[in-house]
Amino acid sequence: DDQIERERASQHLPGGCCALAAIYLMGKFYVANAGDSRAIIIRNGEIIPMSREFTPETERQRLQFLALLKPELLGKEFTHLEFPRRIQPKELGKKMLYRDQNMNGWAYKKIEEDDLKFPLIFGEGKKARMMATIGVTRGLGDHDLKVFSSNIHIKPFLSCFPEVRVYDLTQYEHCPDDVLVLGTDGLWDVTNDKEVAGVVMEVLTSYEPNDPCRYTMVAQELVVRSRGVLKERGWRLANDKLGSGDDISVFVIPLGGPGNYT
């Protein structure tokens, strides 16, 4: 992240990205995630999550706490409190559900003038945005990102530090059908963990265990199915729902070789 900041001026490359990395060291997989990509292990048909997404919703309390500590970062345009919907001026003095950085549930408060400001986090699911601008809260870069038509910087709320999970391969016997799947949000937006595992099993069983291209074919099939087929109403999945409109990158990494097949 520091290197991106140093090079952005000389190379004129603004913007940022998420990061998901898997490193194998001394019998263990270390999976580090910063952003909304995802990694899962499929072992004997069981799904083992190896990451979690970092979005305005999942990191709400961290973001609210930072905004409480440094209200100047909000530029007098935002409130760190969250409400179920936008507050209207006519609701001043009335009671409304809210939650702050210490709350998992909701409570009532009397609406004040400051509560009319735009909430730090607004929207649900993929539409959730921090400061009405960005949908991910960890990643690399975005040093120059600002709220539209303002001088409010977003970077102080973005973290480049990943969450790291460790998987010890020496504790289990792995067959050639056991894999680690790494995918960007373009895959997971339209395909859940169970569906991905189903595609993995379907494709792998159509190849011999010692065929090295079987894993590449799984990754290709996951990309193709998530993109869908181009029809009159856009890209559509097999169930006629919209295909992924985001970039789709997938890695399928085997955890066991042919010699481990039992």
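On a predicted model such as this, the values are computed, not experimentally measured, just so you know. (Residues numbered from 1 in each chain as written. Predicted model: local features only at pLDDT ≥ 70, side-chain atom pairs only at ≥ 80, totals over all residues. Heavy atoms only, no water.)

Asker: I would appreciate a short explanation of the environment of Met26 in the present structure.
Answerer: By the secondary structure assignment, Met26 is in the loop between β2 (19-25) and β3 (28-34). When its relative accessible area of 84% is taken as the criterion, Met26 is described as exposed. Measuring from C-alpha to C-alpha, the distance between Met26 and Pro49 comes to 21 Å, with 23 residues separating the pair along the chain. (Helix = DSSP H or I, 4+ residues; strand = E, 2+ residues; numbered from the N terminus. Buried < 20%, exposed > 50% of the residue type's maximum accessible area, 1.4 Å probe, protein only.)

Asker: Whenever I open this one, the layout of surface pockets confuses me. Can you help?
Answerer: The gaps left among the atoms become clear once a water-sized probe is rolled over them. Considered as a void within the structure, the largest pocket measures approximately 560 Å³ in volume. Around the largest pocket, the lining comprises 27 residues; the ones closest to its centre are Asp36, Ser37, Lys126, Thr184 and Asp185. When its residues are assigned to classes, the lining of the largest pocket shows nine nonpolar, eight polar and ten charged. When residues of the lining of the largest pocket are sorted by domain, at least three fall in each of domain 1 (18-53 + 162-254) and domain 2 (59-141). Contributing to the lining of the second largest pocket are 16 residues, with Val190, Thr191, Arg225, Leu237 and Ala238 lying nearest its centre. Those elements that provide at least two residues to the lining of the second largest pocket are α4 (193-204) and α5 (214-227). (1 Å grid on protein atoms, 1.4 Å probe; cavity = no way out; pocket = protein on both sides within 12 Å on 5 of 7 lines; lining within 4 Å. Points joined across faces, edges and corners; volume = space filled by probe spheres on them. Nonpolar A, V, L, I, M, F, W, Y, C, P; charged D, E, K, R; others polar. Domains from an automatic or database assignment.)

Asker: I would appreciate a short explanation of the packing of aromatic side chains in the present structure.
Answerer: Where two aromatic rings form a pair, the distance of their centres and the angle of their planes describe that pair. Enumeration over the complete set of coordinates arrives at four aromatic pairs. Here the aromatic rings of Tyr167 and Tyr172 are separated by 5.7 Å at their centres, their planes lie at 10°, and the arrangement is stacked. An aromatic cluster of at least three residues, connected via ring pairs, comprises Phe78, Phe118 and Phe122. The side chain of Arg43 reaches across the aromatic face of Tyr172, ending 3.7 Å from its centre. The ring centre of Phe54 lies 4.1 Å from the NZ or CZ of Arg138, which sits over that ring. (Phe/Tyr/Trp six-rings, centres within 6.5 Å; stacked < 30°, edge-to-face > 60°. Lys NZ or Arg CZ within 6 Å of the ring centre and 35° of its normal.)

Asker: Explain the domain arrangement of the protein to me, please; I cannot follow it from the model alone.
Answerer: Accessible area lost upon the coming together of the parts is a frequently used measure of interface size. Domain parsing of the protein yields domain 1 (18-53 + 162-254) and domain 2 (59-141). For domain 1 versus domain 2, the distance between C-alpha centres works out to 34 Å. Taken together, the contact between domain 1 and domain 2 spans eight residues of the former and five residues of the latter. Buried surface at the junction of domain 1 and domain 2, both sides included, amounts to about 520 Å², of which 57% is carbon and sulfur. Our enumeration of links across domain 1 and domain 2 arrives at three salt bridges. (Contact = heavy atoms within 4.5 Å. Buried area = accessible area lost by both parts, 1.4 Å probe. Salt bridge = Lys/Arg side-chain N within 4 Å of Asp/Glu carboxyl O.)

Asker: In this structure, what is going on with the pattern of salt bridges? I would like to understand it.
Answerer: As a working rule, side chains carrying opposite charge can pair if their charged atoms are close by. The full count for this structure, using the stated rule, is 21 salt bridges. Between Asp185 and Lys126 there is a salt bridge, with the nearest N and O atoms lying 3.2 Å from each other. Of this pair, Asp185 sits in helix α3 (residues 185-188) while Lys126 is found in the loop between β10 (121-122) and β11 (129-130), placing the two residues 59 residues apart along the sequence. A relative accessible area of 10% means that Asp185 is categorised as buried. Owing to a relative accessible area of 48%, Lys126 belongs among the partly exposed residues under this scheme.

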